[in-house]
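# Fold and geometry: a report
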Amino acid sequence: TINIPKLVEFASIGDSSLGFITIAEAHKNVPFEIKRVYWTYFTPHNVIRGGHAHKNLEQIIFAVCGRIEFNIETIDGEKNSFVLDSPDKGLYIPRLVWRDIKFSHNAVLLCLASEVYLEEDYIRHYEDFKILVHEK
Ligand code: TYD
């Protein structure tokens, strides 16, 4: 279903002689209206980012360059890890998923987000997330 994190293969149009293009389109291969796009870069290899969940935000995340590893926990308490290592692979993250993220030194993370930035949408303390997991 749409409520669990999952890797999504995006079409890669082209060939190695001319290069490739990959397209993300709202309500076609992205299951929400895209209200915000952000990207991160120059993340040191030994840093763990993320460390939060979102109350309402849905995302599709790409590693347009490099390798990005996600360790996630769903609101059902299920833990899983995903690796983005190709620009045509996306990770769909529904609401209420805790994520810790590690990057290769050259990684560029591109995020398509269903909402504009709202700090109140963040759950930044793991204990608060675990309370929600246990309530469920
Ligand atoms: P955060 O989402 O905590 O980063 P990460 O999950 O990569 O560790 O965001 C880092 C900082 O950037 C934080 O101070 C909030 C700010 N920020 C915005 O102002 N707008 C945005 O759209 C995003 C994603 C972050």
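Computed from a prediction, not measured in an experiment: that's the story for all the values here.

## A word on the site of the ligand
- Around the ligand, the neighbouring residues are Arg36, Tyr38, Thr40, Arg49, Gly50 and Tyr117.
- For the shell around the ligand, the secondary-structure elements that each account for two or more residues are strand S4 (36-40) and strand S5 (48-54).
- When residues in the shell around the ligand are grouped by element, the largest group, three residues, is from S4.
- Taken together, the residues of the shell around the ligand sort by class into two nonpolar, two polar and two charged.

## Examining the UniProt feature "domain: Sugar 3,4-ketoisomerase QdtA cupin" (unreviewed entry) in the chain
- Here the UniProt-annotated "domain: Sugar 3,4-ketoisomerase QdtA cupin" (unreviewed entry) positions come out as residues 6-132.
- In residues 6-132, the share of helix is 6% and the share of strand is 49%. The end C-alpha atoms are 21 Å apart.

## Some thoughts on the nonpolar core
- Ranked by size, the top nonpolar core spans 21 residues in total, and within it Ile60, Ile61, Ala63, Ile68, Leu84, Leu91 and Val97 carry the most contacts.
- Those elements that provide at least two residues to this core are strand S6 (59-65), strand S7 (68-74), strand S9 (89-93), strand S10 (97-103) and strand S11 (108-113).
- Non-local contacts of Leu84, meaning those with residues more than four positions away in its chain, are made with Ile61, Phe62, Ala63, Arg67, Ile68, Lys89 and Leu91.

## Observations concerning the sheet that holds S10
- The strand order across the open sheet built from five strands is S8-S7-S10-S5-S12, with neighbouring strands paired in antiparallel fashion. Strand pairing shows two members of the sheet lacking a second neighbour, strand S8 (79-84) and strand S12 (122-123), which therefore form its edges.
- The pairing of S5 with S12 spans two bridges and is classified as antiparallel. Residue pairing in the sheet places Ala53 in a bridge with Ile123 of S12.

## Brief notes about the sheet that holds S9
- Read across the sheet, five strands follow the order S1-S9-S6-S11-S4 without closing on themselves; strand pairing throughout is antiparallel. Of all strands in the sheet, those bounded by a partner on one side alone are strand S1 (6-9) and S4. Taking the axes of each pair of neighbouring strands and ignoring which way they run, one obtains an average angle of 25° across the sheet.
- Bridge analysis of S1 against S9 gives four bridges, and the strand direction is antiparallel. Paired with Leu7 across the two strands is Leu91, which belongs to S9.

## Considerations on the confidence of the model for the chain
- Residues with a pLDDT of 70 or more make up 99% of the chain, whose mean pLDDT is 96.
- Reported confidence for the predicted complex is 0.95 by ipTM and 0.96 by pTM.

## Digging into the pairing of S6
- Of all seven residues in S6, five are buried, a share of seventy percent or more.
- Across four bridges, S6 lies against S9 in antiparallel orientation. Directly across from Phe62, in S9, lies its bridge partner Gly90.
- As paired strands, S6 and S11 are joined by six bridges and run antiparallel to one another. Following the sheet pairing, Cys65 is matched in S11 by Val108.

Quick notes on the rules
Residues numbered from 1 in each chain as written. Predicted model: local features only at pLDDT ≥ 70, side-chain atom pairs only at ≥ 80, totals over all residues. Near = placed C-beta within 6 Å. Helix = DSSP H or I, 4+ residues; strand = E, 2+ residues; numbered from the N terminus. Nonpolar A, V, L, I, M, F, W, Y, C, P; charged D, E, K, R; others polar. UniProt positions renumbered as here; feature names shortened; annotations may be inferred. Core = buried A, V, L, I, M, F, W, Y, C linked by C-beta atoms within 7 Å. Buried ≥ 20, exposed ≤ 12 C-beta atoms within 10 Å, placed from the backbone. Contact = placed C-beta atoms within 7 Å. Pairing = 2+ DSSP bridges. Axes fitted to C-alpha atoms, helices over the stretch in contact; angles between N-to-C directions. pLDDT = per-residue confidence, 0-100.

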